[in-house]
Structures are given as C-alpha cells and as structure tokens.
Amino acid sequence: MTTVLVVEDEPLIRKEIVETTDWSSLGCHCTAEASCGKEGIEQYNHWKPDIIITDIRMPEIDGLEMIEIINEIAAATTGNIKTKFIILSGYEDFEYARRAMRSGVQEYIVKPVDDEELYAALLRTKRRILNQTNTPAPSVEILSAYELTDKNNPAARNTYKAIELIHSYYIGGITIENAAQALSLSAGYLSRIFKQETSYTFTDYLTRYRIQKATQLLQNDSIKIYDVADLVGYTDPRYFGQIFKKLTGYTPKEYRELIFQQTKN
C-alpha cells in the first residue's frame, strides 16, 4: 500500500483532499496530514510516506523549503531520496514550477484542485514508484556518481565542491572559470584535478548531469519536451535533443515512450 502525507494550511482544502480522494482505488492510504511545512517535516520523519502532496504558500516553512529539507534528511539518513512530491499552488507561475523541479518534483497542480487532475497525478506518481522498484526506466549510462573518499585530499575536496556548484547552478550554465573563481583556484588547476578525480571534463560532467536530470523530468508526460530542455539549461530544444540522443541512444520522445510502455507492461 502506497502511503501519502497531505500538507496544506487551508483546512477546507486539506479536508477535501483527505476525505474525498478515492485512495483505495489507487492502492493508496492517506497516512497523515499537516497544516504547515514544519509539521510536514515532523510527519515525514515519523511516517516516511511514499508520496507527499503539499501546498507551496504556507507560514514559516513553505512547501518548497519543506521539500528541500526533507530531501536533505533523506540523503543524509538513507542516501536515497524515495519520497515523491505533488505540488499544489494558487500561483500560476512557471518560476515556482522551475524551483520545484530542481528539487525533484514531477507533478505541479494549479489551484483550485481538480479531483480528476489530482487523481491522475497520484496515479502517475504511483507508477513512477513501481517503475523505480520493479521496472526501471531504460538503462543508460549517463553519469557515474562521485564520492568524496578522502576529505584530507585537497584535489578530491575541491573537485567535490566544484560538483556541488554544478548541481546548484547547472541550469544557468556554470563554467569552469565561474567554479574556479568561487573556489579561489585557477581554472587550469581545477580543470586538471576535476578530470583526474572524475574521469570527466568539467563541461562533460555538466552536460551529463543536465541530461540525467532530463531523464527524470521526462517521466512526467505533462511536461512538454521543450520545457524539459529549458528546465535543464538548454534554450534550444533541437540542440538538447541532439545531446540527449548522443548520451542515451534515444531521442527525448523515444525515451519517454519507452518509460510509459514499460509502465503499462
């Protein structure tokens, strides 16, 4: 049974979601509810739900801040972020969606919440969970993870910091010069140790990280492919498609079709 936490500061909306959603037909159980981000974090720590439905605008800690904190908790405790998020917002603003998707959110619903739209989002999210545990997406080697094994090694430590900068600023197009300046290093030195430590050039790592993020976004068929391109830092969807195929062997459309074909099987 898939467990769900509902975080919403408006009592009537929260009650409607909790009490009127047909959880049983989805194979879900609404385990808990919360009225703010702080309470949502507490409920997450207690229940570790599979799915969290959350509003964006809430007092103290908003929905996006809550998601970022929960992801940090999950990464620190288990090394694996398993919880999926569905964002609710009364603000039809793409910037909210952009920030949410940077945090791994793949479903974004504009208020007032339509029951059928929420049902469909829950169904897609549950399929992703099943996909993740039973039927993986098409296997493509895009980027090998880098682990900091020796904190006393300056080269390893600076490479790790550079990777963190890529993860934070990949959408805007960070350069090795930007990273070197932020780390008070020369670009030549950083370029050399980065390749030495990761086997990738700085630019290659950035490209592969962007495409890795794109494979996650493509699992949501409500996001247009040109928006996926924009969300990972490519202003030219055609160029994005060329890079995507080069690294995965599929066009973005083919990759998406394979994912949903596997979901149906």
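A quick note: this is a predicted structure, and the numbers were derived from the prediction, not measured.

Chemist: Summarise the packing of aromatic side chains; cite the residues concerned and give the values.
Modeler: Throughout the structure, instances matching the rule amount to nine aromatic pairs. Relative to tyrosine 205, the ring of phenylalanine 194 lies with its centre 5.7 Å away and its plane at 85°, an arrangement referred to as edge-to-face. Within this pair, whereas phenylalanine 194 is found in helix α9 (residues 187–198), its partner tyrosine 205 is found in helix α10 (residues 202–217), the two being separated by eleven residues in sequence. Since its relative accessible area comes to 3%, tyrosine 205 is described here as buried. On the numbers, 5.7 Å between centres and 45° between planes, the contact of tyrosine 234 with phenylalanine 240 is tilted. The two residues tyrosine 234 and phenylalanine 240 agree in class, both being buried. One aromatic cluster in this structure is built from Tyr234, Tyr239, Phe240, Phe244, Tyr250 and Tyr255.

Chemist: Before we move on, could you go through empty space enclosed by the protein and cite the residues and values that matter?
Modeler: Scanning the model with the defined rule gives two cavities of 30 Å³ or more in all. In this structure, the second largest cavity occupies an estimated 50 Å³ of space. Looking at the lining of the second largest cavity, the elements with two or more residues in it are β4 (84–89) and α6 (115–133). For the lining of the second largest cavity, the class distribution of residues is one nonpolar, three polar and three charged.

Chemist: Hey, could you go over the environment of isoleucine 193 for me, with residue numbers and the actual values?
Modeler: Summarising the element assignment, isoleucine 193 is placed in helix α9. Classification of isoleucine 193 as buried rests on a relative accessible area of 3%. As for isoleucine 193 and alanine 156, which are separated by 37 residues in sequence, their C-alpha atoms are 7.8 Å apart. Ignoring sequence-local partners within four residues, the contact set of isoleucine 193 consists of Ala155, Asn158 and Thr159.

Chemist: Explain the pattern of salt bridges to me, and be specific about the residues and the numbers.
Modeler: As enumerated under the stated definition, the model contains six salt bridges in all. Two residues, glutamate 10 and lysine 111, come together in a salt bridge whose shortest N-O distance is 3.5 Å. Of this pair, glutamate 10 sits in the loop between β1 (2–7) and α1 (11–20) while lysine 111 is found in the loop between β5 (107–110) and α6, placing the two residues 101 residues apart along the sequence. Overall, the relative accessible area of 38% leaves glutamate 10 in the partly exposed class. A salt bridge links glutamate 33 to arginine 14, with the shortest nitrogen-to-oxygen separation between them at 3.0 Å. Of this pair, glutamate 33 sits in strand β2 (residues 28–34) while arginine 14 sits in helix α1, and the two are 19 residues apart along the sequence. One continuous salt-bridge network, built from bridges that share partners, spans Glu8, Glu10, Asp55 and Lys111.

Chemist: With reference to specific residues and values, describe the nonpolar core.
Modeler: Core analysis: the biggest nonpolar cluster contains 42 residues, and Ile166, Leu190, Phe202, Tyr205, Ile211 and Phe240 have the highest contact counts within it. Looking at this core, the element that brings in the most residues is α10, giving seven residues. Among all residues touching phenylalanine 240, those that are not within four sequence positions of it are Ile211, Ala214, Ile225, Val228, Ala229, Val232, Tyr234 and Pro252. Counting residues in hydrophobic clusters, the runner-up holds 20 residues, among them Tyr44, Ile56, Ile67 and Phe85.

Chemist: Describe in detail the sheet that holds strand β3 (residues 51–55), supporting the description with residues and values.
Modeler: Pairing within the open sheet is parallel, and its five strands lie in the order β2-β1-β3-β4-β5. Every interior strand has two partners, whereas the edge strands, β2 and β5, have only one. Mean inter-strand twist for the sheet, computed between neighbouring axes without regard to direction, equals 20°. In this structure, β1 lies alongside β3, joined through four bridges in parallel fashion. Bridge assignment links valine 4 to a residue of β3, and that residue is isoleucine 51. Along the sheet, α1 contacts β1, β2, β3 and β4; its crossing angle with β2, the most-contacted strand, is approximately 160°. On top of the sheet, helix α3 (residues 37–47) reaches β1, β2 and β3; it is set at about 135° to β2, its chief contact.

Chemist: Give me the lowdown on the side chain of glutamate 8, citing residues and values where you can.
Modeler: Note on placement: glutamate 8 falls in the loop between β1 and α1. Among the residues examined, glutamate 8 registers a relative accessible area of 0% and is labelled buried. Only 2.9 Å separates the side chain of glutamate 8 from the backbone nitrogen of glutamate 10, close enough to count as a polar contact. The residues contacting glutamate 8, other than those within four sequence positions of it, are Ile13, Arg14, Ala34, Ser35, Asp55, Met58, Leu88 and Lys111.

Parameters at a glance
Residues numbered from 1 in each chain as written. Predicted model: local features only at pLDDT ≥ 70, side-chain atom pairs only at ≥ 80, totals over all residues. Heavy atoms only, no water. Phe/Tyr/Trp six-rings, centres within 6.5 Å; stacked < 30°, edge-to-face > 60°. Helix = DSSP H or I, 4+ residues; strand = E, 2+ residues; numbered from the N terminus. Buried < 20%, exposed > 50% of the residue type's maximum accessible area, 1.4 Å probe, protein only. 1 Å grid on protein atoms, 1.4 Å probe; cavity = no way out; pocket = protein on both sides within 12 Å on 5 of 7 lines; lining within 4 Å. Points joined across faces, edges and corners; volume = space filled by probe spheres on them. Nonpolar A, V, L, I, M, F, W, Y, C, P; charged D, E, K, R; others polar. Contact = heavy atoms within 4.5 Å. Salt bridge = Lys/Arg side-chain N within 4 Å of Asp/Glu carboxyl O. Core = buried A, V, L, I, M, F, W, Y, C linked by side-chain atoms within 4.5 Å. Pairing = 2+ DSSP bridges. Axes fitted to C-alpha atoms, helices over the stretch in contact; angles between N-to-C directions. Polar contact = N/O pair within 3.5 Å; in protein donor to acceptor, adjacent residues only side chain to side chain.

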